[in-house]
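What follows is each chain in one-letter form.
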Amino acid sequence: MKLAKLPMQIGRGQSGGDGEVGPLRVAVLVGSARQGSLNRSLALAMMRLGDDRLAFDVPALDELPLFNQSVLEAGMPQPVARLQSTIQAADGVLIVTPEHNRSITALLKNALDWLSRPAGANSWTGKPVAIAGASAGRLGTVAAQQHLRAILGYLDMPTMGQPEVYLQLTASLITPEGDITDESTKAFLQGYMHKFHHWVRTHRRVDAPALG
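This report concerns the structure included in the present document. (Residues numbered from 1 in each chain as written. Predicted model: local features only at pLDDT ≥ 70, side-chain atom pairs only at ≥ 80, totals over all residues. Heavy atoms only, no water.)

1. Here we look at the pairing of strand β2 (residues 24-30)
Along any regular strand the residues' side chains alternate between the sheet's two faces. Inclusion rule: Each residue's exposure class comes from its accessible area (1.4 Å probe, protein chains only) as a fraction of the maximum for that residue type: buried when under 20%, exposed when over 50%, partly exposed otherwise. Only runs of H or I of at least four residues qualify as helices and only runs of E of at least two qualify as strands under DSSP, and these elements are numbered from the N terminus. Strand pairing follows a simple DSSP-based rule, namely that at least 2 bridges must link the two strands. A crossover counts as right-handed when, viewed with the strands pointing away from the observer, the path leading from the first strand over the helix to the second turns clockwise.
In terms of residue burial, β2 counts as a mostly covered element, since seven of its seven residues are buried. Where burial is concerned, the two faces of β2 agree: the one with L24, V26, V28 and V30 and the one with R25, A27 and L29 are both buried. As defined by bridge partners, β2 adjoins strand β3 (residues 54-57) across four bridges and the pair is classed as parallel. The partner of L24 across the bridge, within β3, is L54. Between the parallel pair β2 and β3, the chain is carried across by helix α1 (residues 38-48), and the sense of this crossover is right-handed.

2. Here we look at helix α6 (residues 183-203)
Using the following cut-off: Expected span of a helix, by definition, is 1.5 Å for each gap between consecutive residues, and there is one gap fewer than residues. We call two residues in contact when some of their heavy atoms are within 4.5 Å.
Compared with an ideal rise of 1.5 Å per residue, which puts 21 residues at 30 Å, α6 spans 30 Å between its outermost C-alpha atoms and is within 8% of the ideal. The secondary structure elements touched by the buried residues of α6 are β2, α1, β3, β4 (92-96), β5 (129-135) and β6 (165-168).

3. Describing α1
The following threshold applies: For this analysis, a polar contact is any N or O atom pair within 3.5 Å, provided that within protein one partner can donate a hydrogen and the other can accept it, and provided that sequence-adjacent residues contribute only side-chain to side-chain pairs.
Burial analysis of α1 places ten of its eleven residues in the buried class, which makes it a mostly covered element. For α1, the full list of buried residues reads L38, N39, R40, S41, L42, A43, L44, A45, M46 and M47. Its side-chain oxygen 3.1 Å from the backbone nitrogen of N39, S37 forms the N-cap of α1.

4. So, the nonpolar core
The condition that has to hold: Side-chain atoms within 4.5 Å link the members of a nonpolar core, which is a set of buried Ala, Val, Leu, Ile, Met, Phe, Trp, Tyr and Cys residues.
V28, L42, L94, M193 and F196 are the most contacted members of the largest nonpolar core, which has 33 residues in total. Among the elements of the structure, β2, α1, β3, β4, β5, β6 and α6 are those that each provide at least two residues to this core. With seven residues, the single largest contributor to this core is α1. The next biggest cluster of nonpolar side chains, apart from the first, holds 26 residues, and it includes L83, I151, L152 and L155.

5. Describing the environment of R201
Secondary-structure assignment places R201 in helix α6. Within polar-contact distance, the side chain of R201 engages the side chain of H198 at 3.0 Å.

6. Section: the pattern of salt bridges
Applied cut-off: Within this document, salt bridges are pairs made up of a side-chain nitrogen of Lys or Arg and a carboxyl oxygen of Asp or Glu, the two lying within 4 Å of each other.
One pass over the structure, following the stated rule, counts six salt bridges. Among the ionic pairs, R82 bridges to E63, the shortest N-O distance being 3.3 Å. Of this pair, R82 sits in helix α3 (residues 78-89) while E63 sits in the loop between β3 and α2 (69-74), and the two are 19 residues apart along the sequence. Taking relative accessible area as the criterion, R82 reaches 45% and is therefore assigned partly exposed. With relative accessibility at 46%, the residue E63 sits in the partly exposed group. Residues D91 and R204 are paired through a salt bridge, measuring 3.5 Å at the closest nitrogen-oxygen approach.

7. What to know about the packing of helix α4 (residues 106-115) against helix α5 (residues 142-154)
Basically, it comes down to this: Angles here are taken between N-to-C directions and fall from 0 to 180 degrees, while the axes themselves are lines fitted to C-alpha atoms, restricted in helices to the stretch in contact. Throughout this description, any angle smaller than 35 degrees is read as roughly parallel, any larger than 145 degrees as roughly antiparallel, any in the 65 to 115 degree range as roughly perpendicular, and the remainder as oblique. Residue classes follow a fixed rule: Ala, Val, Leu, Ile, Met, Phe, Trp, Tyr, Cys and Pro count as nonpolar, while Asp, Glu, Lys and Arg count as charged, and any other residue, Gly among them, counts as polar.
Here α4 crosses α5 at 5°, and the two axes come no closer than 12 Å. Relative to α5, the element α4 lies roughly parallel. On α5, the residues that touch L108, K109 and L112 of α4 are L148, I151 and L152. For the contact of α4 with α5, the class distribution of residues is five nonpolar, no polar and one charged.

8. A closer look at the packing of aromatic side chains
By convention here, two paired aromatic rings are described through the distance between centres and the angle between planes. Note the following rule: Stacked, edge-to-face and tilted are the three classes for Phe, Tyr and Trp ring pairs, Trp counted by its six-membered ring, which pair at centre distances within 6.5 Å; planes under 30 degrees apart are stacked, over 60 edge-to-face, the rest tilted.
The final tally for this structure, using the stated rule, is one aromatic pair. Consider the rings of F67 and W114, whose centres lie 4.9 Å apart with planes at 80°: the pair is edge-to-face. On the criterion of sequence distance, the pair formed by F67 in the loop between β3 and α2 and W114 in helix α4 is long-range, its members being 47 residues apart.

In structure tokens form, the structure reads like this:
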């Protein structure tokens, strides 16, 4: 199954205060860079279900160098700085990841590690996040998501607990263009995105107004 390249952005506008002048901005981290990835198809389908309430940015995690403290001390690489800007501008984060050896992928872990540094400047702190994943097997990334929840807790990210998305995907369930062919799956994921919108709106950080 060949997958079209994920768009860098879906949706337009900027979030405002409680009145939400525009859609909430969400950074989507996909833990696979493989063409034909089930999780890239799932991510695209979920973004399409966000309608006009959410606007999405999809950073290219495969552009990041392998984390190295010495490299960071010499100056933050440009791909890392771009990811940091995306996360800082986001109201929330959606992570869609495969499972590798009962854990998350090296691609995703590398991104989480980079923006947890330097010490005292964790870019993930306070960002509301939700997790989804798909595999061809019946367990549907259960172990990876449980491990990821432990990491996100340490990074101080409010993590949506329910519903959980552990999908066993076949090649025909979601098309490369993000069309969901099963109505019950579509309704479930639509409800998930509705709950995620509420989660981000409730938990996102809002800068305090300037005094004086």
